[in-house]
Amino acid sequence: MKPAIPKGTRDFSPAEMAKRNFIIDVIRSVYNSYGYRQIETPAMENLATLEGKYGDEGDQLLFRILNSGLKNVQHSVKISDIAEKGLRYDLTVPFARYVVMHRHEIMFPFKRFQIQPVWRADRPQKGRYREFVQCDADVIGSDSLLNEVEMVLMINEVFAQFGFKIKLLVNNRKILSAIAEAIDQPDKITDLTVALDKLDKTGTDKVVDELTSKGFSPGSVQKLLPLFKVDESLNSKIHFLNSFLSGSETGRKGIEEIETLFRTLAELGVSSELLKLELTLARGLNYYTGAIFEVKLNDPRSAFPGSLLGGGRYDDLTGIFGLPSVSGVGISFGIDRIYDVMEELNLFDQIPYTTSSTQVLFVNFGEKEACHCLQLLSHIRKKGVHAELYPDPAKMKKQIGYADANRIPYVVLIGSEEIQSGLLTVKTMLTGVQEKLSLDDFIKRLTE
RNA sequence: GUGAUUGUAGCUCAGGUGGUUAGAGCGCCAGAUUGUGGCUCUGGAGGUCGCGGGUUCGAGUCCCGUCUUUCACCCCA
């Protein structure tokens, strides 16, 4: 049979892994430095845990796992009768489940991070995969807006290390639901936000069309129009919202949250170039209730479409699992998209990463010589040098070619002559220069 | 889920209107160099033309189906 992998999945070669690990290491070290602690959860969850958390669209995109032991399946069976598990769709919902299950051993507020693959049964396309890795950080059990502030700081710290420019879009679900109230369509928040989200892409006419087709009355659409004409500046947006949402308690709270967040960040010197209040930012996931975040590429060298990060506050995700009124905020980096952007902009060239960490290759001249090398190897590894012995007594051309192909900087040759003299013949691959060194002198050179 | 698009050697790609034995570059292997990589030269291996069916005397080429690739919509990291 012909080898193949499922649609939308990928293999990663050593060179690709080195680059992926570079990205992950940056994120992990920032998470660590802010006090987040790592957990993992299973690839699969019970469908009951997953379903209904991501909207109708999200439910469609869940990978469901067929129950084991099934023999024949009739056409008329219900999915719930043949599948009770599914691959996780994100890391936030499994985390909420984790928090509820482990509530007695958790000290709140709980700051955790998690770096694992997730799966979505989407049609693959640019920047979209069926299996991809998310890097999440969440704080659960704290209402403080300082957590939102911290999320933004981490976002900036991480992206500052990648070599491309981004824009961090911020909005607040409370404001969005207050807008829905203000135009007398409080029950249509989802339709409203989905339509609003397309404003910058398709323009006001298309948004109006979509709202009308979704059953918004002409009167409510009329009421919405001023929103499209607000000035870009933060102050004029806030000013507009204050009057537009004056009658709404949630609207007032949302504006207050936004103001606090932006004020604190300004005091911390977070550039307003990076940060933008985007009133049309919606985000499809159902569970967000407060701040919402999204990072887009903002670099003249590329027009990469998708978002590189998403996140927000969810006030009651644990409620469904039986632990009400515990609020959390979180963010999620999409490393596959960050990788694509860095690859497109050739940014990996300027960044230190290695495909192989081997510093020395010992050439294999035969059983006796190899055995001698093994003893030297264990000594030199204890000194912290990364070294390997070629496994077969192959031709020199082959063995040195192996060092060349793997960019191993030094080759050590130990034949009968070297065993007798006790000196190593060391070849520096870059220059081709060859010299006789004692083991200690060689180690000294490598560890200096 | 809707609409397009792609598939020929390990990789990148050629193969007018169907017609002998399907090509190139790069890579790979071997030799020139029996203890020496990159550069050069010489030689060699490697292809069910994505898969299945159809039209035809004859299909890499035309038709249908299917899978895959890429892209847009939807939605999202």
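Residues numbered from 1 in each chain as written. Chains lettered and ligands numbered in written order. Predicted model: local features only at pLDDT ≥ 70, side-chain atom pairs only at ≥ 80, totals over all residues. Heavy atoms only, no water.

Asker: Let's hear about the overall build of chain A: which residues, and what values?
Answerer: Within chain A, the regular secondary structure consists of 18 helices and 16 strands. Expected size for 448 residues packed as a compact globule is a radius of gyration near 22 Å; at 28 Å, chain A overshoots this value by more than 25%. Over its C-alpha atoms, taken along the principal directions, chain A stretches across nearly 95 × 60 × 45 Å. Every one of the 448 residues in chain A was classed for burial, and the buried ones make up 50%. Contacts in chain A between residues far apart in sequence, at least 24 positions, make up 69% of those at least 6 positions apart. The averaged location of the 59 negative side-chain charges in chain A is 4 Å from the averaged location of its 55 positive side-chain charges. (Helix = DSSP H or I, 4+ residues; strand = E, 2+ residues; numbered from the N terminus. Rg over C-alpha atoms; globule rule 2.2 N^0.38 Å. Buried < 20%, exposed > 50% of the residue type's maximum accessible area, 1.4 Å probe, protein only. Contact = heavy atoms within 4.5 Å. Lys, Arg positive; Asp, Glu negative; His and termini not counted. Charge placed at Lys NZ, Arg CZ, Asp CG, Glu CD.)

Asker: Quick rundown of the sheet that holds strand β4 (residues 83-87)? Include the residues and the values.
Answerer: Read across the sheet, three strands follow the order β2-β4-β3 without closing on themselves; strand pairing throughout is antiparallel. Edge positions in the sheet fall to β2 (44-46) and β3 (64-66), since each has one partner strand and no second. The average undirected angle you get between the axes of adjacent strands in this sheet is 45°. (Pairing = 2+ DSSP bridges. Axes fitted to C-alpha atoms, helices over the stretch in contact; angles between N-to-C directions.)

Asker: So what's going on with unusual backbone geometry? Residues and values would help.
Answerer: Going from Phe108 to Pro109, the amide bond is cis rather than trans, its omega being -5°. On the secondary structure map, Pro109 appears in the loop between α5 (92-101) and β5 (110-119). In this model, Asp184 sits at a positive phi of 65°, which is unusual for a non-glycine residue. Here Asp184 shows up in the loop between α7 (173-182) and α8 (189-196). Phi is positive for Ser325, close to 45°, though the residue is something other than glycine. Mapped onto the secondary structure, Ser325 falls in the loop between β10 (307-314) and β11 (328-334).

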